[in-house]
Amino acid sequence: MRIRVGVVFGGETVEHEVSIISAVQAMTKMDQEKYEIIPIYITKNGDWYTGDMLRDIDYYGDLDLLKKYAKNVVLYKKNGAFVLQSKGFFKRVVKELDIVFPIVHGTNVEDGVLQGYLQTIGIPFVGPDTYAAVVGQDKLYMKSLWALEKLPMTEFVWFYDHEYRNDHAEVLKRVNKLKYPVIVKPVSTGSSVGIQVVKKKDELEKAIDEAIQYDHKILVEEVVSNLKEVNISVLGNCEHQSFSEIEEVLPSHDFLTYEDKYIGNGKCKGKGGFKQPVKTSKGMLSASRKIPADLTDKMRKEVEEVAGRAFRALGSSGCCRIDFLIDEKAKKVYVNEINSIPGSLAFYLWEAKGVNYTSLLDDMISVAVKDYKKRCSKTHSFDSNILAGFRSGNGIKGMKGKLGS
């Protein structure tokens, strides 16, 4: 009997379309003899849909048409089984699931919100748990944990949007203590959304105004001189990690933009899906890169060592991508950020190491099963009920002696 895998993608996030690309790529490469693939698409309004047509990216050009033929469902636990049940007056079970594979990017889905729901109902799922997803999406939490591990990072400043609006002069004063150029980022977005490089002080406010559109926390970091940007993928959990080939990113701008990563020469509609050039997008393969990166053996080992420590510090699981900044002149390596569920699941970095995409997906599911068994082996609640015999009229005094005090 095949394992029933619910592949979840989409969601209320600015990386909605990126998620669709990544998920369709992955569903195409999953071993269909071993897995029954059940697509679960979350719309930008938060509605969940399932149906075989969701495996074909051509349908996403008209989302209204897609909703007409797919089934609107909810995921929950029923009689010990994890089910997708139709909504409406005549409710019925559409599919049963054994495990969920989130292939999601950005706010409201990759950041622990979806993972928290999956953990609440108790279904096994691929990738980071709630805690790792939260710190993996929030660049400030991420850097704070890495600082405790004394990992090498660039200097940075952060602030809330209301602080900037209430006293922007004070915020600018703090930021201007950094060395220019700097890079301005929304704390919790990915795929380079809302990010700008600022070379002069008079360009700073415009970049902050852009970033504030996407998040209430803003991060400003010093740009590395003599920059070489490299990425590595890590597969595993806190117990064991393996490493992909390292890539060298060749951006067409000051940093790798959303367009570099996903669109190339195509264009993206706002809320309506893709225009024709994008429907055949290769996801992160659209970006220019050199594989393997041009690094010395010593620097390659340093990137792997720091990547392993960064992965473990965040309690990550599954297949992530960790981005590094290298000052070629000073021979210094800085860890930049983790992508807990990277675009295209970074499969191209594993293929360069001799691991095909189908095997990578299989390995990710295997790690998820191990993580699930470990979670189930821990105590999360007690059979005893300290409220037994509680008399509501006596308040907490009625509990005296029952709580051991």
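Described below are features of the structure shown in this document. (Residues numbered from 1 in each chain as written. Predicted model: local features only at pLDDT ≥ 70, side-chain atom pairs only at ≥ 80, totals over all residues. Heavy atoms only, no water.)

Ordered by their spatial adjacency, five strands build an open sheet running β14-β13-β12-β15-β16, and the pairing between neighbours is antiparallel. Both outer strands of the open sheet, β14 (289-290) and β16 (332-339), are each paired with one neighbouring strand and no more. (Pairing = 2+ DSSP bridges. Helix = DSSP H or I, 4+ residues; strand = E, 2+ residues; numbered from the N terminus.)

On to the pairing of strand β12 (residues 227-236). Counting buried positions along β12 gives nine out of 10 residues, so the element sits mostly inside the fold. Sheet analysis places β12 next to strand β15 (residues 318-327), joined by 10 bridges and oriented antiparallel. Its bridge partner being in β15, Val234 is matched across the sheet by Cys320. In this structure, β12 lies alongside strand β13 (residues 241-249), joined through six bridges in antiparallel fashion. Opposite Leu235, over in β13, you have Ser242 as the bridge partner. Connecting β12 to the next strand, β13, in antiparallel fashion are four residues. (Buried < 20%, exposed > 50% of the residue type's maximum accessible area, 1.4 Å probe, protein only.)

This brings us to helix α10 (residues 297-313). Between its first and last C-alpha, α10 extends 24 Å over 17 residues, near the 24 Å set by a 1.5 Å rise per residue. When α10 is considered as a whole, its buried residues turn out to be Met299, Arg300, Val303, Val306, Ala307, Gly308, Ala310 and Phe311. Each element contacted by the buried residues of α10 is listed here: α5 (139-148), β12, β13, β15 and β16. Of the residues flanking the end of α10, it is Gly315, one or two places downstream, whose phi is positive at about 65 degrees. (Expected span 1.5 Å × (residues − 1). Contact = heavy atoms within 4.5 Å.)

This part takes up a nonpolar patch on the surface. Together, Ile386, Leu387 and Phe390 give the surface a local cluster of nonpolar side chains, amounting to about 300 Å² of exposed area. Mapping Phe390 onto the fold places it in the segment after α12 (357-377). (Patch = residues over 30% accessible without salt bridge, like charges linked within 9 Å, V, L, I, M, F, W, Y side chains within 5 Å. Areas by Shrake-Rupley, 256 points an atom, 1.4 Å probe, with all protein chains shown as cover. Salt bridge = Lys/Arg side-chain N within 4 Å of Asp/Glu carboxyl O.)

Another point: helix α7 (residues 168-175). Quick reminder: α-helices carry 3.6 residues per turn. Residues three or four places apart thus point the same way. Among the residues of α7, Val171, Leu172 and Val175 are the ones counted as buried. Projected down its long axis, α7 carries its buried residues within an arc of 100 degrees, all on one side. For α7, the elements touching its buried residues are β8 (156-160), α6 (161-166), α8 (204-212) and β11 (217-222). (Arc of directions from axis to C-beta.)

The next subject is the sheet that holds strand β10 (residues 196-198). Strand pairing in a sheet relies on backbone hydrogen bonds. The paired strands run either parallel or antiparallel. Across the sheet, which stays open at both edges, the four strands sit in the order β8-β11-β9-β10 with antiparallel pairing between neighbours. Bordering the open sheet on either side are β8 and β10, each of which pairs with just one other strand. For this sheet the average axis-to-axis angle between neighbouring strands, irrespective of direction, equals 25 degrees. Across five bridges, the pairing between strand β9 (residues 182-186) and β11 is antiparallel. Looking across to β11, one finds that Lys185 is bridged to Leu219. (Axes fitted to C-alpha atoms, helices over the stretch in contact; angles between N-to-C directions.)

Tallied over the full model, the rule gives 18 salt bridges. Here Glu239 makes a salt bridge to Lys374, at a shortest N to O gap of 2.3 Å. Taken together, the residues Glu239 in the loop between β12 and β13 and Lys374 in helix α12 connect sequence positions 135 residues apart. Assessed through its relative accessible area of 58%, Glu239 is described here as exposed. For Lys374, a relative accessible area of 35% translates into the label partly exposed. Through salt bridges with shared partners, a single ionic network connects Lys143, Lys185, Glu221 and Glu337.

A separate point is the packing of α7 against α8. Packed helices, taken two at a time, are described by the angle between their axes plus the distance between the axes. Closest axis-to-axis distance for the α7/α8 pair is 12 Å, and the angle between their directions is 110 degrees. In this view, α7 runs roughly perpendicular relative to α8, as classed from their interaxial angle. Residues His168, Leu172 and Val175 of α7 form the contact with α8, whose participating residues are Leu204, Glu205 and Ile208. Each residue belonging to the contact of α7 with α8 can be placed in one class, and the counts come to four nonpolar, one polar and one charged. (Parallel < 35°, antiparallel > 145°, perpendicular 65-115°, else oblique. Nonpolar A, V, L, I, M, F, W, Y, C, P; charged D, E, K, R; others polar.)

For the rest of this paragraph, the subject is the packing of aromatic side chains. What the rule picks out here adds up to nine aromatic pairs. The interplanar angle of 80 degrees and the centroid separation of 5.2 Å between the aromatic rings of Trp158 and Tyr160 together place this pair among those described as edge-to-face. The ring centre of Phe156 lies 5.6 Å from the NZ or CZ of Lys143, which sits over that ring. The aromatic ring of Tyr141 is capped on one face by Lys217, whose charged end is 4.2 Å from the ring centroid. (Phe/Tyr/Trp six-rings, centres within 6.5 Å; stacked < 30°, edge-to-face > 60°. Lys NZ or Arg CZ within 6 Å of the ring centre and 35° of its normal.)

Our next topic: the packing of helix α4 (residues 130-137) against α5. Closest axis-to-axis distance for the α4/α5 pair is 5 Å, and the angle between their directions is 100 degrees. One element, α4, and the other, α5, form an angle in the roughly perpendicular class. Of α5, the residues touching α4 (which contributes Val134, Val135, Gly136 and Gln137) are Lys139, Tyr141, Met142 and Leu145. Among the residues making up the contact of α4 with α5, the classes are represented as five nonpolar, two polar and one charged.

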